[in-house]
Structures are given as structure tokens and as C-alpha cells.
Amino acid sequence: MSTVLLAVIAVILCVLFRILNVNSQPHKPVIYGRDRNFIENILFIAPFLNEPYIPTRLWGFSGHVQTILHSLIGRVRCPWPIGGRISLILPDKSTLTYDLYEPLGSEHEDDVTVAICPGIGNTSESVYIRTYVHYSQRHGYRCAVLNHIGALSSVPVTGARIFSYGHTDDFNYMVENLMERYPNTKLILVGFSLGGNLITKYLGEERKRPKNIIGGISICQGYNAIDTMVYLLQWQNFRRLYLYIMTDNYRNIITRHKRMLLNPEMKNRYSLDETMIVSAGTLPDLDEAYSRRVHSFASVAELYKWSSSAFYLKKIKTPMVFINARDDPIVPEPLLPIIREFVSSHDNVMYLELSHGGHLGFYEGGLLYANPVTWLDRALAALVGGLLMSHHKCSPKPAPDAAADLGLSDDEPDLIKSATIIYKDPLEKVPQKL
């Protein structure tokens, strides 16, 4: 074998090793928060959050591969959960649907409904949603999945709009309908990506919400749409490529329903130019040509600010858990300090930050072939249980010793001290790492 060929092979292997990041090692999630009792309740139900997250060995340490596989394949051996579709006609004549799945197990006495808001343009038919619903059903939870207006090709658009980044009314209509059907159920909200932004904004808005809502979980949201778009417009780490794909998907939804969304009346009412919409190369271009006009905003920046959960965080009173990965190519690490600071200055909230996982991937186990159930699926089921436990205030009884102020007993493991946790009290200027 010639020296040149060996050199070429060596270069290819180096590039592959760098892209796949195979030299990385598993790490424990870093937990941010100041409310030790709340965190202890969560860790008591989900002790594996103290353990290293172990991605699939050959490719799981790459945020790109995790993200791409999540988008193309979703989950391994994904089941089809059995449920029914609910259709609602809204005051603006839009047709809103959500899918309802009854629990398959009976692990607890409480009636618990998990209200799920998928990512941008996703629905109950998305593979990652189906897997999580099936796993959650088997843990005894009822699930309701919002289908973003316009995202299902089988459901026609009957009003003058589709979903948007910050429009929480659709989610609220689903919640109200659930309350009519199950007035005594306890509601836990779960949002993926854009859905995480929507449920966070929903819980921080000044609006009437059912008292049945006992918690929320947000996964892989960007918090601030203005800052997120600045990073997505950059070519670094191939973020501009992801932005192009998201733009194309959003544009396809608009053009699929053009008979309702781009008819002459709509064009005249909102000054829409179909050529600008079809030729838009980025989400800001598409939002300038379509979204901000239909939703009556003077500028795209105004639309993004209204849509961003970051501006509603401080008004949230409901217990919440947030999850992000540092290698997420769509939500880069510079966007994460805002949530670290928020949970470090408020009670009943915690933030899990993982080194790996990509955007909604979190595949784990195996050398090449990942486990059928991801770390995220397991974590969400456990976090729902932790929020339920925190609601009932049934954390382990404190022992009369030095562990009492942490809510720990002699009979239970010291979950707090075995985790990588960063606390910050209001009077502390520097976080304390335990």
C-alpha cells in the first residue's frame, strides 16, 4: 500500500473521528437550580439522572448525527399507540385537532394527563412523539398531543392561518377541552423544541389557566427567537443548513394549503406576495413575507420578541423542568445562560444540561445500534413522576442530622450530594458547586 493511500486513509479517519467525536466520554447531566427540596423530589423518582448519559458509542457523541437521525428515523422500532383524534372548530373558523391516548398501565392512583406540544410542524404522527406517548401510556399516564394547525396533510386548513412560533391559544383550547372531559385530572405539560417554547410562554402569560396544571417540562427550546435566529443565520457548525431545512418545511406547509392561505382575499387583506413567500431562503425572509403580516406585527423582530418564552419566564409560577444539550446544533450553547440564570434565582424549577444528545436525539446504549427507548423517553416519564411527587409534597422525611436541611433521611441515598448540581441563592454572587 502506497504512502499516499495511507495518508489519505489517515486523513479520512481523522475527519470521521472528529465529526463523530468518538474521543468523548459519557458525562453526568449538570443540574442547575436553587430549590433543593424540589430537586430532591425529582431525583428521588429519577435517580438515573445522577448517572452518566451514555450515547451510542460509534456515533452518539456527535450532536449532528443525533439530530439528523432524529429527523430522518426518529426512534428504533417505533410503536403506533392506539388513540382517537379530537376535532375542534375554533372561533376564527380554524380546525384544531389533537390526539388522545388513554393509559395502558395503572402504576398510581392519580388521574394524570400529559399534554404534549410537538416541535415546529410536527404532530402526533411524528415518530419521536409516538414513541414517547407509548412509553408514557405504559407508565399509566393519559396523553394528549396537539397537532399544529396545517401540519397534518389529512386535516384541511379551514381558517385564515396556520400555527406560529408564539401563538399559545391553540394549546389552550386543547387544555380547556381536556378539562371538560376530565375535570379532576392533573395536567403536566410537555413541549419539544418549539413546543417547549410554547408551553413555557403559555405558563408565563397573563391568562386564565386551569388549576389542574401541576408542572411543565421543556426540551431543547432556544428561549429567545431573536438570538436564536442570529446563530442560525451563520454557517458555523452547519447551522445555516438546518435553517434552510426548517424554512423549506414551513414554506411547504404554507403552499400545501395555498387555496386558503394565499387566495386573493388573503393576499389583499395582508398584502401577501406569493412570489416572495415561495422564494424566501431563510425563516426571517419567510416571516417577513408571510408570518408577521398574517399575525399583524410591524416587524419580524417584534414577532420574534412576542414569540420568545425568555420574556415570560419571570412570571411562571408553575413548577418546571428544562432540558438542553450543549452539542445541539440548532440551539447552540451561547443561548443557554438565560435558563441557567432563571432557575438559579427561582424556586420550583430545575434545569438539566447534558454534554451530548443533539436536538431531541438522546439515543443511548449499544455500539452501533441504539436502544429502542432513548434517555429522553426514560427521563420524561420519570420527570412526570417527580413533578407529581413534588405536587403531593411527599419527599422523604428529613432525619434529625446534618442532612435534614436537604430533606434526606438515613434510609434513603444522598441523591443531592451524588449529583453534579450547581446552586445559586439570591444573596450569592458565585454559584456553589457540590
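Residues numbered from 1 in each chain as written. Predicted model: local features only at pLDDT ≥ 70, side-chain atom pairs only at ≥ 80, totals over all residues. Heavy atoms only, no water.

**Overview of the pattern of salt bridges**
- Applying the stated criterion to the full structure yields 22 salt bridges.
- Measuring nitrogen to oxygen at the nearest pair gives 2.8 Å for the salt bridge that ties Arg269 to Glu265. Taken together, the positions of Arg269 and Glu265, both in helix α10 (residues 264–270) and four residues apart, correspond to about one turn of that helix.
- Residue Glu265 is classed as exposed on the basis of its relative accessible area of 51%.
- Beyond isolated ion pairs, a larger network of salt bridges with shared partners links Asp169, Lys201, Glu205 and Arg207. (Salt bridge = Lys/Arg side-chain N within 4 Å of Asp/Glu carboxyl O. Helix = DSSP H or I, 4+ residues; strand = E, 2+ residues; numbered from the N terminus. Buried < 20%, exposed > 50% of the residue type's maximum accessible area, 1.4 Å probe, protein only.)

**Comments concerning the side chain of Thr200**
- By the element assignment, Thr200 lies in helix α6 (residues 194–204).
- Judged by relative accessible area, Thr200 falls into the buried class, the value being 0%.
- Once you skip the residues sitting within four places of it in the chain, Thr200 turns out to touch Ser218, Gln221, Ser309, Leu313, Ile316, Met320 and Phe322. (Contact = heavy atoms within 4.5 Å.)

**Quick look at the packing of aromatic side chains**
- Applying the stated rule across the entire model yields 14 aromatic pairs.
- Residues Tyr53 and Trp375 carry aromatic rings whose centres are separated by 5.9 Å and whose planes lie at 55° to one another, so their mutual orientation is tilted. Of this pair, Tyr53 sits in the loop between α2 (36–45) and α3 (63–72) while Trp375 sits in helix α15 (residues 375–392), placing them 322 residues apart in sequence.
- Measuring from ring centre to ring centre gives 6.0 Å for Tyr132 and Phe192, while their planes differ by 70°; the resulting arrangement is edge-to-face. Residue Tyr132 is located in helix α4 (residues 127–138), and its partner Phe192 is located in strand β6 (residues 186–192); the two are separated by 60 residues in the primary sequence.
- You can call Tyr132 buried: its relative accessible area is 0%.
- For Phe192, a relative accessible area of 2% puts it in the buried group. (Phe/Tyr/Trp six-rings, centres within 6.5 Å; stacked < 30°, edge-to-face > 60°.)

**Brief notes about the UniProt feature "active site" (unreviewed entry) in the protein chain**
- Taking the UniProt record as the reference, the feature "active site" (unreviewed entry) is found at Ser193, Asp328 and His359. The annotated residues occupy 167 residues of the chain but converge on a single region, no pair of C-alpha atoms lying more than 11.1 Å apart.
- Relative to the helices and strands, Ser193 resides in the loop between β6 and α6.
- In this structure Ser193 comes out as buried when scored by relative accessible area, which is 14%.
- If we skip the residues at most four places from it in the chain, Ser193 touches Gly119, Ile219, Cys220, Gln221, His359 and Leu360.
- Mapped onto the fold, Asp328 is located in the loop between β8 (320–325) and α14 (337–343).
- With residues up to four places along the chain from it excluded, the contact list for Asp328 reads Cys220, Gly358 and His359. (UniProt positions renumbered as here; feature names shortened; annotations may be inferred.)

**Observations concerning the packing of α4 against α15**
- Closest axis-to-axis distance for the α4/α15 pair is 10 Å, and the angle between their directions is 45°. Relative to α15, the element α4 is oriented oblique. Of the two possible hands of crossing, α4 and α15 adopt the one that is right-handed. Between α4 and α15, the residues in contact are Thr131, Tyr132 and Tyr135 and Asp377, Arg378, Leu380, Ala381 and Val384, respectively.
- Here the residues of the contact of α4 with α15 sort into five nonpolar, one polar and two charged. (Axes fitted to C-alpha atoms, helices over the stretch in contact; angles between N-to-C directions. Parallel < 35°, antiparallel > 145°, perpendicular 65-115°, else oblique. Left-handed = near helix turned anticlockwise from the far one by under 90°. Nonpolar A, V, L, I, M, F, W, Y, C, P; charged D, E, K, R; others polar.)

**A few points about the environment of Asp35**
- Considering the arrangement of structural elements, one finds Asp35 in the loop between β1 (30–32) and α2.
- Distance from Asp35 to Asp347, taken between C-alpha atoms, is 5.1 Å for residues 312 residues apart in sequence.
- When sequence neighbours within four positions are dropped, the list of residues in contact with Asp35 reads Asp347 and Asn348.
- In terms of polar contacts, Asp35 uses its side chain to reach the backbone amide nitrogen of Asn37, at 3.4 Å. (Polar contact = N/O pair within 3.5 Å; in protein donor to acceptor, adjacent residues only side chain to side chain.)

**Side note on α4**
- For α4, which comprises twelve residues, the first-to-last C-alpha distance of 17 Å matches the rise-based estimate of 16 Å (1.5 Å per residue) to within 8%.
- Every buried residue of α4 is listed here: Tyr128, Ile129, Arg130, Thr131, Tyr132, Val133, Ser136 and Gln137.
- Turning to α4, the residues buried within the fold contact α3, β3 (95–101), β4 (112–117), β5 (142–147), β6 and α15.
- One or two positions beyond α4, positive phi appears at Gly140, with a value near 90°. (Expected span 1.5 Å × (residues − 1).)

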